[in-house]
Amino acid sequence: MDELEKVRELYGEPRPDPFLKARVFGRLQAEPRRRRWLPWTVALTGLATAMTVVVIVAVLVPTTTANRAPEISGRSVLLAAATQAEADPATTGAYWRVKKSHRRTHPEPLGKGQNRYRVVESWLTEQWATEDGRIWAGSRTLGARPGSAADSEAWRRDGSPSEWAGVAPSWSSSGGETLSSSPGEGLLKPVTGRTAFSVAGRDMTFEQIRELPADPAALKDRISSMVRGAPRGSDSGVLADALSGLLWSKPSSPEVRAAAYRALAELPNVRYLGTARDERGRKGAAFSFTVRTSPTAPALVQRTLIIDVASSRVLSSTDAGGPGEEEVEVVLEAGWTDDKPAPPSLP
Amino acid sequence: MSWTDRPADDAEVLRLSLVESERFSAIFDLHFHEIHRYVAQRLGADSAEDVVAETFLTAFRKRALYDPSRAGVRAWLYGIATNLIGKQRRVEVRTLRALGRHGPDPDSPGHEEQVAARVSAESLRPSLATALAGLHRRDRDVLLLVALAGLSHEEISGALGIPYGTVGSRLNRARRKLRAALGGTNPMLEPEETDRG
């Protein structure tokens, strides 16, 4: 190792922070004596929508800065979403379907010698489940590409590889595949040997989801009792995680979704971050809490959910601080459908 | 959009921003994370946000003076950030002292596979940090623009407004001092190169 590598190692990488850019941007806007120089700051909010599916830079951009927004409590936002959720008609269909796009930094640094770089993987998943317990899992890779501009430079110096032999996509459990920069075909596989859902790390069937209490306090107690006994007493984060899962990834009834929103509104560890846009440019309210994503995970991650209060839908979920630096899930579809299971189409 | 090309030509975007200032937002959007990473490494996360904000404010105010024949927009932003870091010498020295003692934030992402290498380098960490803090500022700037930002000699020459040859001599001097601190040869026994900058 030469001294330049030792210098790089000494400095390390700054901690990822999904709201960093928005915060600095807010600081630029908050300088009144400089306001006249900064007409460009108003244009930034529109930028997220103009970007393509694969976003190289994080684009969580608050549309208001803290010191200009009227004081709104996160609790009141979640209670408003609860009221909206309750008013939703109960729907049904042949299949419960959740389709998401994902983005994550591959955990392994790639390249050789001086030309080390990280790549960001993007992919689609689509889960289908029937009430009688049949499950299909769809997936489709959108390709991997260098993360930062510095990563792009190193990737170019490394000969601009479009495939990384011997490196598997981090999200695919089947192994054997090769990490590639090219998008792939959509795949669909039946899944056997497990239930369609899990809450607080426990397997749950349709029936059990349906039987969850619709009273916020009772729902919180029920979920808490499932969380207790979870390893490392990772309590409050897991509770917030399990309750928020009922909002979008599970076929919860309108009443249970409303109860989950109300229970979340009372959790002290759920923080309101203000208005934000997801990576598709959809506007919503951002909430965050810290959670240990698996019993063996070494570090807590900060999870941020962006919720569209007007429809009570969850738009996206971002984990920051985990081994993959930042992991983003954007909800493309979540609900009942009579469509037949098929490989994921491009959004 | 092909991601292998630099999205649009940012020098062109910067030129257009003279007429339509809102176009500058694309410059912020494209370069924010990279500039922040560099500043946060040198000054720590707490001070970095102010300095990065100041970097983009300065760039916006001085965009009419930007000369694309001298440096790319990215290198130009690194130059502005480097000059602003230079006004924070005490913060930088404090950051280096902390890095020497504790190393980077242990919560920073992953890299389990690097732990072994890190442990072996652990004992040299304080000497390396001390040597970096002891470098002349202009030598440290060049060294870190190479090591952390990955800029070429030519880009650094444009970013800092110094002759090409000076980049090399400053880099060599800095590297020699670091090698000595890491247990290599004694720099006092080697002939000192003259700084032509």
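Residues numbered from 1 in each chain as written. Chains lettered and ligands numbered in written order. Predicted model: local features only at pLDDT ≥ 70, side-chain atom pairs only at ≥ 80, totals over all residues.

Draft legend 1. Region of interest: the overall build of chain B. Secondary structure summary: chain B contains ten helices and zero strands in total. Sequence-ordered secondary structure for chain B, helices as α and strands as β, is α-α-α-α-α-α-α-α-α-α. Pairs at least 24 apart in sequence give 69% of the contacts found in chain B among residues at least 6 apart. (Helix = DSSP H or I, 4+ residues; strand = E, 2+ residues; numbered from the N terminus. Contact = placed C-beta atoms within 7 Å.)

Draft legend 2. Here's a closer look at the pairing of strand S11 (residues 301-308) of chain A. Residue and element names in this part refer to chain A. With seven of its eight residues buried, S11 lies for the most part within the structure. Sheet topology places strand S10 (residues 283-291) next to S11; seven bridges connect them, and they run antiparallel. Paired with Ala286 across the two strands is Ile306, which belongs to S11. (Buried ≥ 20, exposed ≤ 12 C-beta atoms within 10 Å, placed from the backbone. Pairing = 2+ DSSP bridges.)

Draft legend 3. Just the pairing of strand S3 (residues 135-146) of chain A, in detail. Residue and element names in this part refer to chain A. Direction of pairing for strand S2 (residues 119-129) relative to S3: antiparallel, over a ladder of eleven bridges. Within S3, the position partnered with Ala129 by the bridge is Ile135. Where S2 folds back on S3, the antiparallel hairpin that results is connected by five residues, among which Gly133 adopts a positive phi of roughly 95°. Pairing geometry for S3 and strand S6 (residues 187-191), over five bridges, is antiparallel. Across the sheet, Ser139 pairs through a bridge with Leu187, a residue of S6.

Draft legend 4. View of helix H5 (residues 149-157) of chain A. Of the residues making up H5(A), those classed as buried are A:Ala149, A:Ala150, A:Asp151, A:Ser152, A:Ala154 and A:Trp155. Where H5(A) is buried, its residues touch S3 of chain A together with helix H2 (24-43) and helix H4 (73-85) of chain B. Positive phi appears at A:Gly159, one or two residues downstream of H5(A), with a value of about 100°.

By themselves these figures say nothing about function.
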